[in-house]
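Inside the fold
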Amino acid sequence: LFGLDDGGVVTALADAAHTLGVSWDRAALQASLSEAKGYAYKVQLIGDEAWKVAGYPDPDSTITAEHVAEAMLQADVHMETLFRARWRSASPKQRELLSTIAELGGRDVKREDIAASLGVTTRSMAMARDGLLRRGIIDANRHSRVSFTVPGFTEWILEQS
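Residues numbered from 1 in each chain as written. Predicted model: local features only at pLDDT ≥ 70, side-chain atom pairs only at ≥ 80, totals over all residues. Heavy atoms only, no water.

1. A word on the overall build of the chain
- In terms of helices and strands, the chain carries 8 helices and 5 strands.
- Seen in sequence order, the chain has helices and strands lined up from the N terminus as α-β-α-α-β-α-α-β-α-α-β-β-α.
- Principal-axis analysis of the C-alpha atoms gives the chain an extent of 60 × 25 × 20 Å.
- Nonlocal contacts in the chain, meaning residues at least 24 apart in sequence, comprise 64% of its contacts between residues at least 6 apart.
- Working note: accessible area of the chain is about 8800 Å², and carbon and sulfur atoms make up 50% of it.
- The average position of the 18 basic charges and that of the 22 acidic charges among the side chains of the chain differ by 13 Å. (Helix = DSSP H or I, 4+ residues; strand = E, 2+ residues; numbered from the N terminus. Contact = heavy atoms within 4.5 Å. Areas by Shrake-Rupley, 256 points an atom, 1.4 Å probe, with all protein chains shown as cover. Lys, Arg positive; Asp, Glu negative; His and termini not counted. Charge placed at Lys NZ, Arg CZ, Asp CG, Glu CD.)

2. Topic: the side chain of His67
- Note on placement: His67 falls in helix 4 (residues 65–89).
- A relative accessible area of 18% places His67 in the buried class.
- A polar contact of 2.9 Å, which involves the side chain of His67, links it to the backbone nitrogen of Thr64.
- Contacts of His67, omitting those with residues within four sequence positions, involve Ala50, Val53, Ala54 and Thr62. (Buried < 20%, exposed > 50% of the residue type's maximum accessible area, 1.4 Å probe, protein only. Polar contact = N/O pair within 3.5 Å; in protein donor to acceptor, adjacent residues only side chain to side chain.)

3. Thoughts on the pairing of strand 5 (residues 145–148)
- Burial of strand 5 is two-sided: the residues Arg145 and Ser147 facing one way and the residues Val146 and Phe148 facing the other way are all buried.
- Pairing between strand 3 (residues 109–110) and strand 5: 2 bridges, direction antiparallel. Bridge assignment links Val109 to a residue of strand 5, and that residue is Val146.
- Note: strand 4 (residues 138–142) against strand 5, 3 bridges, orientation antiparallel. Looking at strand 5, one finds that Asp139 is bridged to Ser147.
- Counting the residues in the hairpin turn of strand 4 and strand 5 gives 2 residues, including Ser144, whose phi is positive at 65°. (Pairing = 2+ DSSP bridges.)

4. A few points about the environment of Ala17
- Locating Ala17 in the fold gives a position in helix 1 (residues 6–18).
- Sequence separation of Ala17 and Asp48 is 31 residues, and the distance between their C-alpha atoms is 11 Å.
- Leaving out residues up to four positions away in the same chain, Ala17 has contacts with Val22, Trp24 and Trp51.

Next comes the structure, spelled out in structure tokens:
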């Protein structure tokens, strides 16, 4: 749903490092796959932060799961900034819609369920929904269903409530 498959994540992290003689151990790649959930920007953050944590490694060095765990602390700060910016840029009606989508799971949420939860018609929420679609905050990935485009946004919104 969010972009890269597992092979794409491995290519982005391990293959790029390999050109500099650096490897990623299996546990580091698994942790990265689990955390990034295919979201390209988060893969980039994990790779960059792990590289920093590993001390800008020399050839024959290895990025480990410990490097990734520590890197995630800073990657999560960047993701928090992204989430906050998306929330602040939303109008009050869009925020209400975002909160409802999050409450309903954030993924493959039926438009009718959103309207029912808000106590409105699907037509009355169309402008707010279309604005979120245009800005890439949500995606109409299936007919009459929406999902957040960034993994972790559901949880972030629910934590803010």
